[in-house]
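The chain contents come next:
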Amino acid sequence: MAVQCVTKVELSISCQNLIDKDVGSKSDPLCVLLQSTGEDKWVELDRTEKVKNCQSPEFSKKLRVDYFFEKVQKLKFGVYDIDNSSVDLGDDDYLGGFECTLGQIVSSRKLIRPLELKKGKPAGKGMITIGAEEISDNRAIVLEVEARSLDKKDLFGKSDPFLEFSKQGEDGKWQLVHRTEVIKNNLNPSWKKFSVSLQTFCNSDLNKPIKVSCIDYDSDGSHDLIGNFETNAAELQKASLGSPVEYDCIHPEKKQKKKSYKNSGVVKIKSCMIETEYSFLDYVMGGCQINFTVGIDFTGSNGDPRSPDSLHYMSPSGMNQYLTALWAVGQVIQDYDTDKLFPAFGFGACVPPDSKVSHEFPLNFNPSSPYCQGITGVVEAYRAALPQVKLYGPTNFSPIINHVARIASGGAQQNTAGQYFVLLIITDGEITDLDQTRQAIVNCSKLPMSIIIIGVGEADFKAMEFLDGDNGVLKSLTGESAARDIVQFVPFRDFMKAPKEALAQSVLAEVPSQVVSYFKMRRLAPVQPPKP
């Protein structure tokens, strides 16, 4: 399989003079990046964090895009005022957008353009600045930072400190590279460990000046400086868990006013490490096998397969929504599976010989070898099984998820980045065992495993969207959180008229980052790491 060498580009976003949509306070902007999939269809690639009460935000989170020289990659930047916790932007105020190609950004390195509410209609005086850098260094800097004895800035309580790390650009200006979380009401805060790509942090130059500012957060956006100091990555690296590096946090005005001024607190770098960050291609090309399992919903809610309004009804061309979805996704993923042997199961039907309900029966009715040869083999097994089973119920997902989890936990015990498992479930969405499925997914989030759910038909897929976990972390009934997001849900009806590649792209979009997130969580390098 020919894998193109992809250039990664990192985009830094800031906005100026955004229009104000909030009564009594400033907007809370966030920028979303969309890529065109043709014919006015857009898919979200990434989004920045939300900056509260700010009309000229500089976003800390950088947006990463794969750059293909041979493709025109149309991009759309949308700035929204976020007023709630839902991920869906449909209920948030639009502050303006800008469309261009990735080629335009890359060739100008920095674009400054007016935002538009719609074509030809400017969004007030709103502007967007997009900076681009090619990412060629796969190292990251990992920092653990705390502070003590910070100045008290708030009248009725202690300060609410956060840190901003900035690098010095060629023009001498400081450019934000990371902003920590805010720790409320605490003069001795300890921030969460964080990781920033070394190129973002200091352009991979360990001696490049870095400014660290400690700031007191105010909900109205008028944050107060507690103090700052300058350093560089080489100095930070001297910190290890046994011997931290400490810096005086200096407020320039206080220092000028008072001779006896010592500092406004001390920032302590507890540990600083430089680690290699591997990509999906590093793992695949380094010998990781992607194992693909298929689960097909044979429950009664699909309708009698002999009736033309059934989701399992075969059209005269021998196709239905189940098969179209299977083909689209299977053809992409089979390239990554070297043995091309796919275990394929059905659930929710009465199966021969004794017509008992089964929630994980092999499509080829061979429990000792449920493997089908290639996607073609899965399609043939499905077509052969359909007339032999009786559609029944309930719709239980957990047995087939737990089945793949048992195999994946065997893979996890090898302690190498050699195996990853992807389960594709195609369903009409009427799930019965939601609580058991939630628990199963939370358990699987600790395994080398992803779950893709394609919803066919016209049902209400609220339960599937809930399992997807994009609206916040999925929790089990007992309140245990998923270790990482492993479920991707896509409704087939959104792609009925789209080119068949669009479904596969949307469904598989999150798999590469899920593979990387698992091996990173386990601190596993590729079996054969790339040569420097």
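See the structure shown above.
Residues numbered from 1 in each chain as written. Predicted model: local features only at pLDDT ≥ 70, side-chain atom pairs only at ≥ 80, totals over all residues. Heavy atoms only, no water.

Caption draft 1: Seen up close, the overall build of the protein chain. Along the backbone of the protein chain there are 12 helices and 26 strands. Taking 24 Å as the expected radius of gyration for a compact globule of 532 residues, we find that the protein chain reaches 26 Å, a close match to that expectation. Dimensions of the protein chain, computed from C-alpha atoms along their principal axes, come out at roughly 90 × 55 × 50 Å. Every one of the 532 residues in the protein chain was classed for burial, and the buried ones make up 50%. Accessible area of the protein chain: about 25,300 Å², with a carbon and sulfur share of 51%. (Helix = DSSP H or I, 4+ residues; strand = E, 2+ residues; numbered from the N terminus. Rg over C-alpha atoms; globule rule 2.2 N^0.38 Å. Buried < 20%, exposed > 50% of the residue type's maximum accessible area, 1.4 Å probe, protein only. Areas by Shrake-Rupley, 256 points an atom, 1.4 Å probe, with all protein chains shown as cover.)

Caption draft 2: The packing of helix H6 (residues 321-333) against helix H7 (residues 374-385), seen in detail. Look at H6 against H7: their axes get within 10 Å of each other, and the N-to-C directions meet at 165°. What the angle tells us is that H6 and H7 run roughly antiparallel. For the crossing formed where H6 meets H7, the hand is right-handed. Contacts between H6 and H7 involve Tyr322, Leu323, Leu326, Trp327, Gly330 and Gln331 from the former and Ile375, Thr376, Val378, Val379, Tyr382 and Arg383 from the latter. Split by residue class, the contact of H6 with H7 holds 8 nonpolar, 3 polar and 1 charged. (Axes fitted to C-alpha atoms, helices over the stretch in contact; angles between N-to-C directions. Parallel < 35°, antiparallel > 145°, perpendicular 65-115°, else oblique. Left-handed = near helix turned anticlockwise from the far one by under 90°. Contact = heavy atoms within 4.5 Å. Nonpolar A, V, L, I, M, F, W, Y, C, P; charged D, E, K, R; others polar.)

Caption draft 3: Region of the structure containing the sheet that holds strand S23 (residues 390-391). Reading across the sheet, the 3 strands line up as S20-S19-S23 and stay open at both edges, with antiparallel pairing between neighbours. Strands at the two margins of the open sheet, each flanked by one partner only, are strand S20 (356-358) and S23. Direction of pairing for strand S19 (residues 349-351) relative to S20: antiparallel, over a ladder of 3 bridges. Counterpart to Val351 in the pairing with S20 is Lys356. (Pairing = 2+ DSSP bridges.)

Caption draft 4: Region of interest: unusual backbone geometry. Residue Pro353 is bonded to the preceding Pro352 through a cis peptide linkage, with omega at 5°. Of note in this structure, Asn53 is not a glycine but carries a positive phi near 45°. Take Asn53: it is sitting in the loop between strand S3 (42-47) and strand S4 (63-67). Of note, Arg523 is a non-glycine position whose phi angle comes to about 55°, a positive value.

Caption draft 5: Inspection of the pattern of salt bridges at higher detail. Under the criterion given, the structure shown has 21 salt bridges. Lys268 is paired through a salt bridge with Glu146; the nearest N and O atoms lie 3.3 Å apart. On the criterion of sequence distance, the pair formed by Lys268 in strand S16 (residues 266-276) and Glu146 in strand S9 (residues 139-148) is long-range, its members being 122 residues apart. Put simply, Glu458 and Arg493 hold a salt bridge, and the shortest N to O gap is 3.8 Å. Here Arg493 lies in the loop between strand S26 (487-491) and helix H11 (500-508) and Glu458 lies in the loop between strand S25 (449-455) and helix H10 (462-468), a separation of 35 residues in the sequence. Note on Glu458: relative accessible area 64%, which makes it exposed. Within the structure, one salt-bridge network assembled from shared partners comprises Glu144, Glu146, Lys268 and Lys270. (Salt bridge = Lys/Arg side-chain N within 4 Å of Asp/Glu carboxyl O.)

Caption draft 6: Layout of empty space enclosed by the protein. The final tally for this structure, using the stated rule, is 1 cavity of 30 Å³ or more. Gly411, Ala412, Asn415, Thr416, Gly418, Gln419, Pro448, Tyr518, Phe519, Arg522 and Leu524 together form the lining of the largest cavity. Counting only elements with at least two residues in the lining of the largest cavity, the list comes to helix H8 (398-412) and helix H12 (511-521). Split by residue class, the lining of the largest cavity holds 5 nonpolar, 5 polar and 1 charged. (1 Å grid on protein atoms, 1.4 Å probe; cavity = no way out; pocket = protein on both sides within 12 Å on 5 of 7 lines; lining within 4 Å. Points joined across faces, edges and corners; volume = space filled by probe spheres on them.)

Caption draft 7: Main features of the packing of H8 against helix H9 (residues 434-444). Between H8 and H9, the shortest axis-to-axis distance is 9 Å and the interhelical angle comes to 15°. In terms of their interaxial angle, H8 and H9 are classed as roughly parallel. Seen from above, H8 lies across H9 with left-handed handedness. Facing Ser398, Ile401, Asn402 and Ala405 of H8, the residues of H9 in contact are Gln436, Thr437, Ala440, Ile441 and Cys444. Of the residues contributing to the contact of H8 with H9, the split by class is 5 nonpolar, 4 polar and no charged.

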